[in-house]
Amino acid sequence: MTPAVYQKCIHPACGGTADLRDTHFACPKCGGLLDVAYDWNRLPVPKALKHFESKWANRTNPLDFSGVWRFRELLPFAADEHVVTIGEGQTLCQRTDAVAKFVGLNAGGLFLQYEGMNPSGSFKDNGMCAAFTHARITGASRAACASTGNTSASLAAYCAATQLMRAVIFIGSGKISYGKLSQALEHGALTLQIHGDFDDALRRVREVSAKLGIYLVNSVNPFRLEGQKTIMFRVLEAMNWSVPDWVVVSGGNLGNVSAFAKAFSELKHLGLIDRAPRLAVVNAAGACTLYELCEKRGLRWRNGAFDRAAVDGYYAELSARGAKADTLGSAIEINQPVNLPKALRALSCFGGVARAVPDTEMLDAKAQVGAGGLGCEPASAASVAGVKRLVAEGVIDKDARVVCVLTGHLLKDPDETVAYHTADKATFDAKLGSRGVTSVSFANRAVPVPNDLDAIVRAIQSHA
Ligand SMILES: *Cc1c(COP(=O)(O)O)cnc(C)c1O
Ligand SMILES: [Zn+2]
């Protein structure tokens, strides 16, 4: 008899499986991606989502305090004594009318799911606690990742806080914000700077992990995505268990959208929701593989039989042109997303769409998120910029209820924010013009004032 929890190839025609404890994170038959699979008939599942509210009464138990493990009956791959938590997932889903207005939605239509509130400041902690839990089951002593910054910050924080494993971090020579790098260094991770971009770093970390038996925590690891499912559980909870019309998220390695889709598939399968939202993924224009393949070239999941040659062909074109991913949204500066097949499946199951936004629109959307009261990093704001486009196109109805996931905290990348708000046009063009950003709409410049009371008073009054 198959066990109640195992790993299963995402390609229905393949049927490959792997043991729960396997750490290769590739199908043994076809090399494809794996899902964590559950035989729900043999697992205790609550009858209604309202059940999870009862956990709030039990917050002194760290497993019930965690915004991930509170939902552990919906990611039941570990016994309680193996669960790793540092208090992740205490996040907020905030209705934000000022930003709704900016994107063209009616008041009450836009909700921002603020994952910057996690211990390391990004949504990555949702997945890291699940990966650490799996690593603990397998007895691993070292963990590695390639990272544009937030995965390494999260890995380093979990290693430091739990002392369960030692961290090895691969960063490329592309952009990494100082906020994120400082976290990796401060938490004591071994940090290797590879000459190459993120895609190169990821290839190397997979080789090295296999060679040295180091536990891999990139989002090719399906256990991370189990933890990331809970972002959607918390969204539903915040909406009193009603289902929004759209969930919109920025796309890098496409782990989040894959996790969200798995969450909704399972909730539907279990009869815990009766309809699912549509999904939208927003790439940066300078790293827009999903958008290019799905929206421009018509790539579809086709129940797993998607056109791989079209994907390989596109990657070959990019490398023939010497095109590297390039965006100020450094967290989504990725041209070869490892979870592309899962994202294709997600879009096909949930009426999904992909869009790409230029950096100018991303930064303007970010400034509007900030003006609305929550701060996020550039990559996160691609979601809001994407909603603005989708509303303008008529794809999202202006009276729809839309959730944008803000993936990372404003303070991850203060350099970009200060550059946006303070630079005069010439400085801005010099710094950012090479990336096609030549103007910004919502700059809030610091006002120089002489050290003189009257002048200060005049300056304040003229800004009344
Ligand atoms: C990792 C990350 C992303 C991309 O998420 P994927 O799941 O890889 O698509 C987006 N925003 C931020 C802030 C991130 O750290
Ligand atoms: Zn397979």
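Computed from a prediction, not measured in an experiment: that's the story for all the values here. (Residues numbered from 1 in each chain as written. Chains lettered and ligands numbered in written order. Predicted model: local features only at pLDDT ≥ 70, side-chain atom pairs only at ≥ 80, totals over all residues. Heavy atoms only, no water.)

Asker: Which parts of the structure should I look at to understand the overall build of the protein?
Answerer: In terms of regular secondary structure, the protein is built from 16 helices and 13 strands. Over its C-alpha trace the protein gives a radius of gyration of 22 Å, about what one expects of a compact globule, namely 23 Å for 464 residues. A burial count over the protein gives 58% of its 464 residues as buried. Expressed as a percentage of contacts within the protein between residues at least 6 apart in sequence, the contacts between residues at least 24 apart total 72%. Across the protein, the mean location of the 50 positive side-chain charges is 4 Å away from that of the 44 negative side-chain charges. (Helix = DSSP H or I, 4+ residues; strand = E, 2+ residues; numbered from the N terminus. Rg over C-alpha atoms; globule rule 2.2 N^0.38 Å. Buried < 20%, exposed > 50% of the residue type's maximum accessible area, 1.4 Å probe, protein only. Contact = heavy atoms within 4.5 Å. Lys, Arg positive; Asp, Glu negative; His and termini not counted. Charge placed at Lys NZ, Arg CZ, Asp CG, Glu CD.)

Asker: Would you take a moment to explain the side chain of His 134 for this structure?
Answerer: Here His 134 shows up in helix H3 (residues 124-138). For His 134, a relative accessible area of 0% translates into the label buried. Setting aside anything within four residues of it in sequence, one finds His 134 in contact with Gln 7, Leu 20, Arg 21, Asp 22, Thr 23, Phe 25, Phe 77, Tyr 215 and Phe 223.

Asker: I tried to follow the nonpolar core on my own but got confused; where do I start?
Answerer: Nonpolar side chains tend toward joint burial in soluble globular proteins. Counting residues in each nonpolar core, the largest one holds 104 residues, and the members touching the most others are Leu 49, Trp 69, Phe 77, Leu 155, Met 232 and Leu 290. For this core, the domains that each give at least three residues are domain 1 (1-43) and domain 2 (92-120 + 224-415). Not counting the four nearest positions on each side in its chain, Trp 69 is found in contact with Leu 63, Leu 75, Phe 77, Val 83, Val 84, Thr 85, Glu 88, Cys 129, Ala 130 and Thr 133. In terms of nonpolar packing, the next biggest core, distinct from the first, is built from 35 residues, Tyr 114, Cys 376, Val 384 and Ile 396 among them. (Core = buried A, V, L, I, M, F, W, Y, C linked by side-chain atoms within 4.5 Å. Domains from an automatic or database assignment.)

Asker: Looking at this structure, I do not really get the sheet that holds strand E7 (residues 166-171). What am I missing?
Answerer: Strands in a sheet are paired, the pairing made by backbone hydrogen bonds, and the direction either parallel or antiparallel. On the basis of which strands lie adjacent, the open sheet formed by four strands has the order E8-E7-E6-E9 and parallel pairing. With one partner strand each, in any of the chains shown, strand E8 (190-193) and strand E9 (215-216) form the two edges of the open sheet. By the bridge criterion, two bridges tie strand E6 (residues 142-147) to E9 in an arrangement that is parallel. Counted as the bridge partner of Ala 143 is Tyr 215 from E9. (Pairing = 2+ DSSP bridges.)

Asker: Help me understand the coordination of the zinc ion (ligand 2), please; the structure alone is not making it clear to me.
Answerer: Protein-derived ligands of the zinc ion (ligand 2) are Cys 9 (SG), Cys 14 (SG), Cys 27 (SG) and Cys 30 (SG), with the metal-ligand distances lying across 2.3 Å. Bound by four donor atoms, the zinc ion (ligand 2) shows angles of 104 to 116° at the metal and therefore tetrahedral coordination geometry. Spacing between the donor residues of the zinc ion (ligand 2) along the chain follows C-x4-C-x12-C-x2-C. Residue Cys 9 is located in strand E1 (residues 5-9), and its partner Cys 30 is located in the loop between strand E2 (17-18) and strand E3 (34-38); the two are separated by 21 residues in the primary sequence. According to the relative accessible area criterion, Cys 9 is buried, its value standing at 4%. On the basis of relative accessibility, which here comes to 40%, the residue Cys 30 falls in the partly exposed class. (Donors = N, O, S within 2.8 Å, 3.2 Å for Na, K, Ca; no water. Tetrahedral: all angles 85-135°; square planar, octahedral: opposite > 155°, others 65-115°.)

Asker: What am I meant to see in the packing of H3 against helix H4 (residues 150-162) here?
Answerer: If you want to describe how two helices pack, look at the angle between their axes and the distance between the axes. Between H3 and H4, the shortest axis-to-axis distance is 9 Å and the interhelical angle comes to 50°. By the angle between their axes, H3 is oblique relative to H4. Seen from above, H3 lies across H4 with right-handed handedness. Residue-level inspection shows Lys 124, Asp 125, Met 128, Cys 129 and Phe 132 of H3 in contact with H4, the latter providing Asn 150, Thr 151, Ser 154, Leu 155, Tyr 158, Cys 159 and Thr 162. Of the residues in the contact of H3 with H4, the class split is six nonpolar, four polar and two charged. (Axes fitted to C-alpha atoms, helices over the stretch in contact; angles between N-to-C directions. Parallel < 35°, antiparallel > 145°, perpendicular 65-115°, else oblique. Left-handed = near helix turned anticlockwise from the far one by under 90°. Nonpolar A, V, L, I, M, F, W, Y, C, P; charged D, E, K, R; others polar.)

Asker: Before we go on, may I ask you to explain a nonpolar patch on the surface in this structure?
Answerer: Together, Val 447, Val 449, Ile 456 and Ile 460 make up an exposed nonpolar region whose accessible area comes to about 330 Å². In this fold, Val 449 is placed in the loop between helix H15 (425-432) and helix H16 (453-462). Val 449 sits in the partly exposed class, given a relative accessible area of 36%. (Patch = residues over 30% accessible without salt bridge, like charges linked within 9 Å, V, L, I, M, F, W, Y side chains within 5 Å. Areas by Shrake-Rupley, 256 points an atom, 1.4 Å probe, with all protein chains shown as cover. Salt bridge = Lys/Arg side-chain N within 4 Å of Asp/Glu carboxyl O.)

Asker: Honestly, H3 in this entry has me stumped. Any pointers?
Answerer: Along an α-helix, residues three or four apart share an orientation, since each turn contains 3.6 residues. Across its 15 residues, H3 extends 21 Å between first and last C-alpha, which sits within 8% of the 21 Å expected from 1.5 Å per residue. Summarising burial for H3: 13 of the 15 residues are buried, a large majority. Phi turns positive one or two residues past the end of H3, at Gly 139, with a value near 80°. (Expected span 1.5 Å × (residues − 1).)

Asker: What should I look at first to understand the sheet that holds strand E13 (residues 402-406) in this one?
Answerer: The strand order E4-E5-E13-E10-E11-E12 describes an open sheet built from six strands, whose pairing is mixed. Edge positions in the sheet fall to strand E4 (92-95) and strand E12 (353-357), since each has one partner strand and no second. Averaged over all pairs of adjacent strands, the angle between strand axes in this sheet comes to 25°, irrespective of strand direction. Packing of helix H8 (residues 255-269) onto the sheet brings it into contact with strand E10 (246-250), strand E11 (278-284) and E13, and relative to E10 it is tilted by some 155°.

Asker: Sorry, what's going on with unusual backbone geometry here?
Answerer: Only a minority of non-glycine residues have a phi that is not negative, and only a minority of peptide bonds are not trans. Despite not being glycine, Arg 302 shows a phi value in the positive range, around 50°. Its location among the elements puts Arg 302 in the loop between helix H9 (289-296) and helix H10 (308-320). Looking at Arg 302, the relative accessible area reads 57%, which means it is exposed. The phi dihedral of Asn 303 is positive, around 50°, even though this residue is not glycine. Here Asn 303 shows up in the loop between H9 and H10.

Asker: Which parts of the structure should I look at to understand the packing of H3 against helix H7 (residues 222-238)?
Answerer: Running from amino to carboxyl end, H3 crosses H7 at an angle of 140°, the nearest separation of the two axes being 6 Å. The pairing of H3 with H7 is recorded here as oblique in orientation. Regarding H3 and H7, the two cross each other, and that crossing is right-handed. Where H3 approaches H7, its residues Lys 124, Asn 126, Gly 127, Met 128, Ala 130, Ala 131 and His 134 are matched on the opposing element by Phe 223, Arg 224, Gly 227, Gln 228, Thr 230, Ile 231 and Arg 234. Looking at the contact of H3 with H7 residue by residue, the classes come out as five nonpolar, six polar and three charged.

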